[in-house]
Amino acid sequence: MNLNVSAGEVVRAAHVRELARLARERTYLPGHNVRLRQTLKGVVVEAMEQRTAWHHMWEADLQGDRVAVSPGLVNGRMPWVDDGGGLRPMDGFDAKGKEDKRGRPLLRLREADFNAEGFSWIVVRVRLAASGAMALPEDGGLELVQSPRATWLNGGSTDVVIEGRHCGDYPLALLRRPQGEKGLGTLTQCAMFPLNHRFVAAGEGRPGTHFFWV
Amino acid sequence: MIFTQRNWNDWVARLDAARLQPGCTSRVERVPQGQVLSLHPPVRRWRHPWAVDVRWNEGGFFEARIAVAGLVNGLPPLVEGEATTLDDVWMPLRSLRGGLDGEPAHVKVFFGTRGVKAAADLPSSISDLPSRLLAACDVWLARARLSYKASVTAVDASGTSGQIVDYAVTYDTAALEARGASARVSRGASFPEKQRPTLAERLMGLYQDDGEDRLRVCSIYFLSPPEPKNAVPDAAWQVFTRHDLFWNVRHGARVEMPKQPPKPIRFFSGLAAGLGDMIINQNLALSNDLAQRIGAAVANDAPEGQWSIA
């Protein structure tokens, strides 16, 4: 419909309805790789940062003093993260699939959690239930934490008792800063695939060991 | 409300001007709620851990670096001294091998079809290509661990119908003390392949373990221009990298001495010829049973490590 009118022509209801439809159609919505901001003078279009072609599990991304880790699985279960507001699933959705208004929980990093060599790791920590199996994530059985200790340097991860619970860590990403310096350093990805976990209890002079495999 | 013609047409023109048009890296979808704008910026190529870059050094050699740091057990391996793959270290590639001998078949075909001679199994149709030379080297990961040596001792050979034999394993920390427990990136003309010893070799003490597990990262090939004047690679040579490792890895091996030295296994060989016959004559039920027991013990004692994807 041609909405332009000539001098003296009557603007009919159909013209107004069409004009309203056109106005509605000019509403802009953000699609892939786009962020839109409505201002008084128009819409600002922001292209999202260029990303790598492959987005894998456990993809860690430094955001200020926090790190965002894309969802991953251990034994088919998703770890939880405490972002200061309590433990929440790392993908930002609750058990019913409802999106948390607070967004995805980000792990707050601590400068104190670097070891003397300048290393710190983002790890997925498995905690065992009394049965010896991995506890449920909501019971703290699977949590993302920052750790200055590498307990996995020779294959399996040595069992460590923290606050009375048996724990095993698996490194997802390495943070490294030059020795003697402060700050959170640079981040190097370590894990990229879903993980399996099994615990082998201590025996015959051998410590309890958490085995993780892809 | 009264519109003038100009006002009304101005509104229409403004709305028309606000219609999004897709450009070369964008897409516009019209939906009932409006227009969805999507952008497709150039996607950065994903580079895997251990990706290697090679460049010419004006000092007269090629050099390589691990461009995307790889991790072994969540730690960067050492490259030169105390530097690591995170430190962007360029490694001079001075030790090279030449020709196609010993290369895998697909490598022979790849470079043979580009004019590299001396590959016997190449099709004759490429014999007219101008001759080119090939040089190569390898980059690999290495991690020291306990080394071991098996010894077999005849304790009592006085009987005429058999022997009492002790099979014992001794461990050695020399490799660990010399190279440390950290993984290292090494390079050289050829990847030092390690043949897995047979049971017989182990039992007879013929196998010398070097106390190190290795994993090839990549092979780097240098292809000369046609009819080269010099056999030594220079900046005019083309570089091809064939990666073998694409993921961060874990390595598990014995790096600590057993708290108690392993007890020797003592057995009675019913064969007068002793242990050698036992291994050779495996069709004998008695020998097979014994070989299985010893094999299990040897496998348990061997400190060779395992590489796995992290």
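Residues numbered from 1 in each chain as written. Chains lettered and ligands numbered in written order. Predicted model: local features only at pLDDT ≥ 70, side-chain atom pairs only at ≥ 80, totals over all residues. Heavy atoms only, no water.

Undergrad: Can you help me understand the overall build of chain A in this one?
TA: When its secondary structure is counted, chain A shows one helix and 16 strands. Computed over its C-alpha atoms, the radius of gyration of chain A comes to 25 Å, more than 25% above the 17 Å expected for a compact globule of 214 residues. The C-alpha extent of chain A, read off along each of the three principal axes, is 100 × 40 × 30 Å. Looking at chain A as a whole, 41% of its 214 residues qualify as buried. Look at the contacts in chain A between residues 6 or more apart in sequence, and 51% of them connect residues 24 or more apart. Within the structure as shown, chain A displays about 11,700 Å² of accessible surface, and the carbon and sulfur contribution to it stands at 51%. If you average the places of the 28 positive and of the 25 negative side-chain charges in chain A, the two averages end up 5 Å apart. (Helix = DSSP H or I, 4+ residues; strand = E, 2+ residues; numbered from the N terminus. Rg over C-alpha atoms; globule rule 2.2 N^0.38 Å. Buried < 20%, exposed > 50% of the residue type's maximum accessible area, 1.4 Å probe, protein only. Contact = heavy atoms within 4.5 Å. Areas by Shrake-Rupley, 256 points an atom, 1.4 Å probe, with all protein chains shown as cover. Lys, Arg positive; Asp, Glu negative; His and termini not counted. Charge placed at Lys NZ, Arg CZ, Asp CG, Glu CD.)

Undergrad: Explain the overall build of chain B here, please?
TA: In terms of helices and strands, chain B carries six helices and 15 strands. Of the contacts formed within chain B by residues at least 6 apart in sequence, a portion of 66% connects residues at least 24 apart. Of the accessible surface of chain B, which amounts to about 16,400 Å², a share of 53% is contributed by carbon and sulfur atoms.

Undergrad: Sorry, what's going on with the pattern of salt bridges here?
TA: If charged atoms from side chains of opposite charge come close, those side chains can pair. Residues and elements named next belong to chain B. Within this structure, the stated rule accounts for 36 salt bridges over all chains. Between R14 and D10 there is a salt bridge; the shortest N-O distance is 3.4 Å. Note that R14 and D10 are positioned in helix 1 (residues 5–17) at a spacing of four residues, about one turn of the helix. A residue is classified by how much of its surface remains accessible, and R14, at 60% relative accessible area, is exposed. A salt bridge links D210 to R214, with the nearest nitrogen and oxygen atoms 3.0 Å apart. Residues joined in a network through salt bridges with shared partners are R145, R179, R184, K194, D209, D210, E212, D213 and R214. (Salt bridge = Lys/Arg side-chain N within 4 Å of Asp/Glu carboxyl O.)

Undergrad: Which parts of the structure should I look at to understand the sheet that holds strand 2 (residues 34–39) of chain B?
TA: Whenever strands of a sheet pair, they do so through backbone hydrogen bonds, lying parallel or antiparallel. On the basis of which strands lie adjacent, the open sheet formed by three strands has the order 1(A)-2(B)-1(B) and mixed pairing. Of all strands in the sheet, those with a lone pairing partner are strand 1 (28–30) of chain A together with strand 1 (26–31) of chain B, marking the two edges. Averaged over neighbouring strand pairs, the angle between their axes works out to 30 degrees when direction is ignored. Sheet analysis places strand 1 of chain B next to strand 2 of chain B, joined by six bridges and oriented antiparallel. Residue pairing in the sheet places V28 of chain B in a bridge with L37 of chain B of strand 2 of chain B. (Pairing = 2+ DSSP bridges. Axes fitted to C-alpha atoms, helices over the stretch in contact; angles between N-to-C directions.)

Undergrad: I'm lost on the side chain of S26 of chain B in this one. Help?
TA: All names here are of chain B. Relative to the helices and strands, S26 resides in strand 1. For S26, a relative accessible area of 18% translates into the label buried. In contact with S26, not counting residues within four places along its chain, are L37, S38 and L39.

Undergrad: Looking at this model, I keep getting lost on the confidence of the model for chain B. Mind explaining?
TA: Low-pLDDT stretches of the model should not have their predicted coordinates read in fine detail. Put simply, chain B has an average pLDDT of 81, and 76% of its residues get 70 or more. As scored by the predictor, the complex reaches a pTM of 0.74 and an ipTM of 0.73. (pLDDT = per-residue confidence, 0-100.)

Undergrad: How do you make sense of the sheet that holds strand 4 (residues 60–63) of chain A when you look at a structure like this?
TA: Residues and elements named next belong to chain A. Ordered in space as 4-5-8, the three strands form an open sheet in which the pairing is antiparallel. The open sheet terminates on both sides in strands that have one partner only, identified here as strand 4 and strand 8 (107–108). Bridge count between strand 4 and strand 5 (residues 66–69): four bridges; the pairing is antiparallel. By the bridge assignment for strand 5, Q63 is matched with R66.

Undergrad: Can you help me understand the pairing of strand 7 (residues 134–144) of chain B in this one?
TA: Sheet faces and side chains relate simply in a regular strand, where the side chains alternate between the two faces. Residues and elements named next belong to chain B. Among the eleven residues of strand 7, eleven are classified as buried, and the element is accordingly described as predominantly covered. By the alternation rule, side chains of strand 7 split into L134, A136, D138, W140, A142 and A144 and A135, C137, V139, L141 and R143, which are all buried. Bridging between strand 6 (residues 97–98) and strand 7 involves two bridges; their strand directions are antiparallel. Note that in strand 7 the partner of G98 across the bridge is A135. Looking at chain direction, strand 7 and strand 11 (residues 212–223) are connected through eleven bridges and run antiparallel. Paired with A142 across the two strands is R214, which belongs to strand 11. Of the strand pairs in this sheet, strand 7 and strand 10 (residues 184–188) are connected by five bridges, and their pairing is antiparallel. Across the sheet, residue W140 finds its bridge partner in strand 10, namely S186.

Undergrad: Hey, could you run me through the interface of chain A and chain B in this one?
TA: Interfaces are often sized by the amount of accessible area the parts lose when they come together. Each side of the interface is counted separately: chain A has 50 residues, and chain B has 45 residues. With both sides pooled, the region where chain A packs onto chain B buries about 4,200 Å², and carbon together with sulfur makes up 61% of that total. Linking chain A with chain B are two salt bridges, by the criterion used here. For the salt bridge of R176 of chain A with D87 of chain B, the shortest nitrogen-to-oxygen distance reads 2.7 Å. The biggest single contributor to the side of chain A that touches chain B is helix 1 (residues 13–25) of chain A, with seven residues. Here the residues of the side of chain A that touches chain B sort into 30 nonpolar, 15 polar and five charged. (Buried area = accessible area lost by both parts, 1.4 Å probe. Nonpolar A, V, L, I, M, F, W, Y, C, P; charged D, E, K, R; others polar.)

Undergrad: Would you mind going over the side chain of E59 of chain A with me for this structure?
TA: Residue and element names in this part refer to chain A. With respect to the helices and strands, E59 occurs in the loop between strand 3 (42–47) and strand 4. What makes E59 buried here is its relative accessible area of 14%. A distance of 3.3 Å separates a polar atom in the side chain of E59 from a polar atom in the side chain of H55. (Polar contact = N/O pair within 3.5 Å; in protein donor to acceptor, adjacent residues only side chain to side chain.)

Undergrad: What exactly am I supposed to notice about the environment of M192 of chain A here?
TA: Inspection of the secondary structure puts M192 of chain A in the loop between strand 14 (186–189) and strand 15 (196–200). In this structure, the C-alpha to C-alpha distance between M192 of chain A and A60 of chain A, residues 132 residues apart in sequence, is 9.8 Å. Beyond its immediate stretch of four places on either side in the chain, M192 of chain A contacts W54, H56, M57 and W58 of chain A together with W46, P49, W247, N248 and A310 of chain B.

Undergrad: Is there a simple way to think about the environment of M48 of chain A in this case?
TA: All names here are of chain A. Examined against the element boundaries, M48 turns out to sit in the loop between strand 3 and strand 4. The class of M48 is partly exposed, set by a relative accessible area of 34%. Note: C-alpha distance between M48 and R35 (13 residues apart in sequence) is 6.7 Å. In this view, M48 contacts N33, V34 and R35; residues no more than four positions away in its chain are not counted.

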